[in-house]
Every structure is written in C-alpha cells, then in structure tokens.
Amino acid sequence: MKFTLEIWRQDGPGHIGDFAHYEIADVSPDMSFLEMMDVLNEQISEADQVPVAFDSDCREGICGMCSMVINGSPHGPIPGTTTCQLYMRHFSDGETITIEPWRSAAFPVLKDLIVDRSAFDRVLQAGGYVTVHSGPKPDPNSVPIDPHVSEEALDAASCIGCGACVAACPNGAAMLYTAAKVSHLSLMPQGQPERESRVLNMVHQMEAEDFGACGNHAECQAHCPKGISINFIGMMNREYRRALSAPKDRRGHMDSQ
Amino acid sequence: MNPITLYHSILGKKIIMAVTGSFMLLFLLLHVGGNLKVFLPDPQPGMADINVYARFLRTMGEPLLPYGFALWGVRIILIVSVLLHITCAIQLAHRNARARPVKYKHAAYRETSYPARWMLISGLLMLCYIILHLAQFTFGWINPAAFNTPDVFGDLSRAFHRPFYIVIYLGAMGLLGLHLFHGAWSLFQTLGLDNPDRNRGLRLLAMVISIGLPATFALVPLSFAVGALGPAIPEATSAAMTGGN
Ligand code: HEM
Ligand code: FES
C-alpha cells in the first residue's frame, strides 16, 4: 500500500507549527499505524532529516501514550482502539492521511506529535487516591460490594489517561477523564472517606488547567479507546452538586433562639 | 449551595445555565398555553378571549397582591434568568475558544449534532428576537400608533398580516427548536439527572419539546397569515372596541 501523509511538525512549545508532506510506499496492510510511522522515520533519517517525534510505549493499547489525531479523529477512524492498535488495512491504498497532535491549550506540544499531559497528573493528584491502612492485609472479599457497582467502577477504571476525550471534545474539556477518575473511586466502599473532598478538589484542579467546559456533545465517549460512557460525567455533576451542598460545619453549636 | 461558589466554577456556570434554561422553558410552556386562547371564541361580543387573559395576567392574585405584582414577579425571574444564561454562555464560549488555540484541519465528529454545536448562535439570534418581540408586543415601540395594550388580538392581527413579521416569527421558532433539541436534554445531563435507564426517555422528551413547542407557537402567526382568524383589524376599530386603556 502507499500513502500520502500530512504530518504536523512543530519544533517546541510556543513555536509555530505546520504540516509537512511525506510519501510512503510498500506499506504492508498488516503493519500497525505506529510501525508505519517507524518505517517513515527510517526513510526520513536516511534522507538526513529530523524524524517525526511521536509518543508510544506499550504498543498494546494499555498505556495511553500513542496520542495522534488521525484524519480528524483522536486514535484514528476505528472506534474503541488506540493508535497502536490501528492497522494500515483500515485505510485505503493511495489515501492521504492527516496526522495531528492532541490540540488543547492544557496539553502544550513538546515536539511534533508529542504533547505534555501533566495537566492530567495534577488533576489526579488533587484527589485520585484512597486512604488505606498500612497494617495487616484484610481478608479478600471482607468489604462487601454489589457486583454491579464494582463492574461499573471497573468500567470507569479502564481509563488509560490518554487524553483522547480532551482532543475529541469540540470545547477541549477534560470532563470524561476527570469524571472517570472521580467515579471509579467514589463508587467503591474504599473511596467513601474522601468522597466529597475528592470531587471538589479534582473538579477545581480541572478548572484551574486550560480545559474548556462540557457542552454535552458526547464526542469524548465516541472517541474514547475504552468506550467510557458520559454516564460518568452525569455522575460527577451529581457528586459535585452533592459535595457543594454538604455541611461545611459538621460540629458547630446550634441555638434554639 | 453558595451561589457565588457556583458562579466561579465552570461546572457551576453550567448548572446556572441549566437551571435558568429550565425556567425559560417552563415559562414558554405556560406562554404557549396562553397564546392558544386566540383560537377560543369571544366570551362576550367584541372582547377577544386573549384580551381577557391579558387582563387576568395583570390582576392575578388581586386583592391579595397589587395590580401587576404577580406579572412583574415572573418578569423579574425571567430577566435575571436571561441575563445569567447569556453571561455564562458567553464566558464559557470564551473559555472554550482559549482551550483549543490551534484548530484541527478537519475535526471528524462522530456523535455531536449541528444544533448542539450552534447553541451560542441559535441563542444569540433568539436574544435579538426576544428584544424585537418585547419591543413589539410588550412595550409597543414598533408602530406605537397602532399599539394598544388591552387589544392583544388586534395587535397580533395587524402584525401577522405582514409577511415581514411572519417570516421573523417562524424563523425564531425554528431557532428555538434547534436550541431545545440539544438544550432540553442537555440540562438533565448537566444537573446529573440523566442515566442509561432514563436516557432514551429524556432524548425523546427533548425531541417532542423541540418540535412541539415551536410548532404550537407557530400556529398563531400561521393562522392569522392564512386568514383563519379573520382579516387584519384596523387600528380605529381596535381603539373603539377597548375604549383606550
Ligand atoms: C437569550 C439568548 C440565549 C443564549 C445566548 C443562549 C445560549 C446558550 C448556550 C451557548 C447554551 C449551551 C451551553 C453549553 O453547552 O455550555 C445554552 C444552553 C441551554 N439553553 Fe440557552 N441561550 C439563550 C436563550 C435560551 C432560551 C430562551 C431558552 C429556553 C427556552 C434556553 C434554554 C437552554 C437550555 C435548557 C440549555 C441547556 C443547558 C445545559 O446545557 O445544561 N436558552 N444556551
Ligand atoms: S502505545 Fe500504549 S496504548 Fe498505544
């Protein structure tokens, strides 16, 4: 197969980037998208030019590093996959493929297709944890939980933090990511002690970063490689309202007159 | 829940938009009910039912409440709602524009709809329409000579025999339908009231509201336009019929 590639090249954060055009031939339909990029980079290096910088790590769809917007879709045209799980047979021979980085003010481009996603880490640090006791290990299944609820929490926990939700959102909002992290812990019995502070702190950190506001477009769910539902966004909206109206002064004095 | 905290948060601004949007939607549901009175027969000769209704809106709650009190109460809620709704809409739109400084070459949307992406446009055009609508029928700034508060029927009849107003009003109802196609569902999700059990029902509700409400509103100008509610009432008749204010 052969392709024309239009790839975003940018030297660093704050630099002005632009598209560069590359031709690539003899691509096997069974190559993954990243393997095709590797072949392209060899070709570019042989021509004594700077290869295209892109992120990848596990190449098996679990680490969330392979951030690329392919033909306008984060992680490419096949729903429910990451870029590394996308194969060249999903494209047609001779096609022009446009490759861009996640476009978000909160994720500055470090180089070409690599963006800095530490905004996500800061959101997670604000409340994405539970307190555990450091004593002896409790018996398995000693904390009762409805299996439907634990499955629901696992759905939220399948978030790999890739940032495709932000990249797909017409408003550049980070609601699906934050909602998945908030819900996955708040659904579990172990997450109850921080239930209120978690949603407040994580939402406020999300708002402190350069993300947009949710418009309920549901593009995030449609582009999430793990198919995480906007149900969790509704859940976070509910948790947030609940936390805002929770009593601030739990132990104050009250008078009858 | 502290309203100031709410206003300073993005999620809070969305809650404000959903609540003020619901107030406006509830008002429109009452408003359209009142409008349908143009189709009822005159309770007494020379006195249109809609005019009786207009009078009732002002005397509502009397003698407990002073003249016009209840009406002004509702008006204040609506004015505050419109102002908050628009302020939050513009602030959020500004934030969203900053969140994606470099646009995609061609974003491939999968799930969103044009009505959802055009909320700000349909909203701002509706704002222009609301100003025109109030100027015309509430304040009588347009064509003041002909404007006569107690003869709502006459005012409607004169306006909707003119193609210009018919087109504007039908266009505005189209915008309302677009806005509500997304908004009447979105508000439930924003308030955290949607879930997979209810989603189909709430989507259906939004669909029914977004078609039914503007279509019912549109019945009034359309009926005057096709002459189903009689010929245009001349101003003189109008004034004589109600004896001024
Ligand atoms: C007057 C000018 C108006 C403007 C500028 C405006 C603007 C907007 C915008 C931009 C949104 C989307 C908010 C977002 O997704 O972030 C929205 C949502 C909404 N609007 Fe309006 N709108 C206006 C009038 C109205 C009216 C008259 C109604 C009632 C019939 C209404 C009902 C709603 C509802 C129910 C929502 C959904 C709120 C949510 O997403 O939770 N709007 N409006
Ligand atoms: S490289 Fe790890 S998910 Fe794609």
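Residues numbered from 1 in each chain as written. Chains lettered and ligands numbered in written order. Predicted model: local features only at pLDDT ≥ 70, side-chain atom pairs only at ≥ 80, totals over all residues. Heavy atoms only, no water.

**Some words on the pattern of salt bridges**
Residues and elements named next belong to chain A.
Here is step 1 of the chain: Counted according to the given criterion, the structure contains 13 salt bridges over all chains.
Here is step 2 of the chain: Close ionic contact of Arg195 with Glu239 constitutes a salt bridge, the shortest N to O distance being 2.7 Å. Linking Arg195 in helix α6 (residues 195-208) with Glu239 in helix α8 (residues 231-244), this pair joins segments that are 44 residues apart in sequence.
Here is step 3 of the chain: Residue Glu196 is joined to Arg242 by a salt bridge in which the shortest nitrogen-to-oxygen separation is 3.3 Å. With Glu196 in helix α6 and Arg242 in helix α8, this pair connects stretches of sequence that are 46 residues apart.
Here is step 4 of the chain: A residue is classified by how much of its surface remains accessible, and Glu196, at 25% relative accessible area, is partly exposed.
Here is step 5 of the chain: Classification of Arg242 by relative accessible area gives partly exposed; the value is 37%. (Salt bridge = Lys/Arg side-chain N within 4 Å of Asp/Glu carboxyl O. Helix = DSSP H or I, 4+ residues; strand = E, 2+ residues; numbered from the N terminus. Buried < 20%, exposed > 50% of the residue type's maximum accessible area, 1.4 Å probe, protein only.)

**Some points on the domain arrangement of chain A**
Residues and elements named next belong to chain A.
Here is step 1 of the chain: If you check the domain split of chain A, you get domain 1 (3-110) and domain 2 (117-256).
Here is step 2 of the chain: Each of domain 1 and domain 2 was reduced to a C-alpha centroid, and the two centroids are 31 Å apart.
Here is step 3 of the chain: Taken together, the contact between domain 1 and domain 2 spans 20 residues of the former and 17 residues of the latter.
Here is step 4 of the chain: Buried surface at the junction of domain 1 and domain 2, both sides included, amounts to about 1,400 Å², of which 61% is carbon and sulfur.
Here is step 5 of the chain: In terms of surface lost to domain 2, no three residues of domain 1 exceed Pro74, Ala106 and Phe107, which account for 37% of the buried area on that side. (Domains from an automatic or database assignment. Contact = heavy atoms within 4.5 Å. Buried area = accessible area lost by both parts, 1.4 Å probe.)

**Re the sheet that holds strand β4 (residues 73-74) of chain A**
Residue and element names in this part refer to chain A.
Here is step 1 of the chain: Taken in spatial order, the five strands of this open sheet run β2-β1-β5-β3-β4, and their pairing is mixed. The open sheet is flanked by β2 (18-24) and β4, the only strands paired with a single partner.
Here is step 2 of the chain: Bridge count between strand β3 (residues 69-70) and β4: two bridges; the pairing is antiparallel. Among the inter-strand pairings, Ile70 is bridged to a residue of β4, identified as Ser73.
Here is step 3 of the chain: Packing of helix α1 (residues 33-46) onto the sheet brings it into contact with β1 (3-9), β2, β3 and β5 (96-100), and relative to β2 it is tilted by some 90°. (Pairing = 2+ DSSP bridges. Axes fitted to C-alpha atoms, helices over the stretch in contact; angles between N-to-C directions.)

**A short note on the site of ligand 1**
Here is step 1 of the chain: Near ligand 1 lie 25 residues; those nearest to it are His85, Gly123, His179, Ser186 and Thr190 of chain B.
Here is step 2 of the chain: Taken together, the residues near ligand 1 originate from chains A and B.
Here is step 3 of the chain: Within the side chain of Lys14 of chain B, a nitrogen or oxygen atom sits 3.0 Å from an oxygen atom of ligand 1.
Here is step 4 of the chain: Counting residues per element, the ones that place at least two in the shell around ligand 1 are α2 (10-35), α4 (69-99), α6 (119-137) and α8 (163-190) of chain B. (Near = heavy atom within 4 Å. Polar contact = N/O pair within 3.5 Å; in protein donor to acceptor, adjacent residues only side chain to side chain.)

**Focus on the packing of α2 of chain B against α4 of chain B**
Residues and elements named next belong to chain B.
Here is step 1 of the chain: Look at α2 against α4: their axes get within 8 Å of each other, and the N-to-C directions meet at 140°. One element, α2, and the other, α4, form an angle in the oblique class. Seen from above, α2 lies across α4 with left-handed handedness. Contact residues: Ile10, Lys13, Lys14, Ile16, Met17, Thr20, Gly21, Phe23, Met24 and Phe27 in α2; Val74, Ile77, Leu78, Ser81, Val82, Leu84, His85, Cys88, Ala89, Gln91, Leu92 and Arg95 in α4.
Here is step 2 of the chain: Of the residues belonging to the contact of α2 with α4, the class tally is 14 nonpolar, five polar and three charged. (Parallel < 35°, antiparallel > 145°, perpendicular 65-115°, else oblique. Left-handed = near helix turned anticlockwise from the far one by under 90°. Nonpolar A, V, L, I, M, F, W, Y, C, P; charged D, E, K, R; others polar.)

**Description of the interface of chain B and chain A**
Here is step 1 of the chain: On the chain A side, the residues contacting the 41 residues of chain B number 53 residues.
Here is step 2 of the chain: Across the chain B to chain A interface the summed buried area is about 3,600 Å²; carbon plus sulfur atoms make up 51%.
Here is step 3 of the chain: Looking only at chain B, the three residues that lose the most surface to chain A are Leu11, Tyr104 and Arg110 of chain B, adding up to 21% of its buried area.
Here is step 4 of the chain: Linking chain B with chain A are one salt bridge.
Here is step 5 of the chain: The tally of links from chain B across to chain A stands at 38 residue pairs in polar contact (both at pLDDT 80 or more).
Here is step 6 of the chain: Of all the secondary structure elements, the ones that give two or more residues to the side of chain B that touches chain A are α1 (3-7), α2, α4, α5 (114-117) and α8 of chain B.

**Some words on the environment of Val19 of chain B**
Residue and element names in this part refer to chain B.
Here is step 1 of the chain: As for its placement among the helices and strands, Val19 is situated in helix α2.
Here is step 2 of the chain: Relative accessible area serves as the criterion here: at 32%, Val19 is assigned to the partly exposed category.
Here is step 3 of the chain: Taking C-alpha positions, Val19 is 9.7 Å from Phe188, a pair spaced 169 residues apart along the chain.

**Re the side chain of Arg100 of chain B**
Here is step 1 of the chain: Within the secondary structure, Arg100 of chain B is located in the loop between α4 and α5.
Here is step 2 of the chain: In this structure Arg100 of chain B touches Arg103, Val166, Ala167, Cys169, Pro170 and Gly172 of chain A, once residues within four positions along its chain are discounted.

**With respect to empty space enclosed by the protein**
Over the atoms, a rolling probe the size of a water molecule traces out where space has been left empty.
All names here are of chain A.
Here is step 1 of the chain: Here the structure, examined in full by the defined rule, presents four cavities of 30 Å³ or more.
Here is step 2 of the chain: When its volume is computed, the largest cavity comes out at roughly 120 Å³.
Here is step 3 of the chain: Taken together, 16 residues line the largest cavity, and the ones lying closest to its centre are Cys169, Cys214, Ala218, Cys220 and Ile233.
Here is step 4 of the chain: Tallied by class, residues from the lining of the largest cavity come to twelve nonpolar, three polar and one charged.
Here is step 5 of the chain: Taken as a whole, the second largest cavity encloses approximately 100 Å³ of empty space.
Here is step 6 of the chain: In this structure, the second largest cavity is lined by 15 residues; those nearest its centre are Cys159, Cys162, Cys165, Cys224 and Ile228.
Here is step 7 of the chain: The set of elements that each furnish at least two residues to the lining of the second largest cavity consists of α4 (164-168) and α5 (175-186). (1 Å grid on protein atoms, 1.4 Å probe; cavity = no way out; pocket = protein on both sides within 12 Å on 5 of 7 lines; lining within 4 Å. Points joined across faces, edges and corners; volume = space filled by probe spheres on them.)

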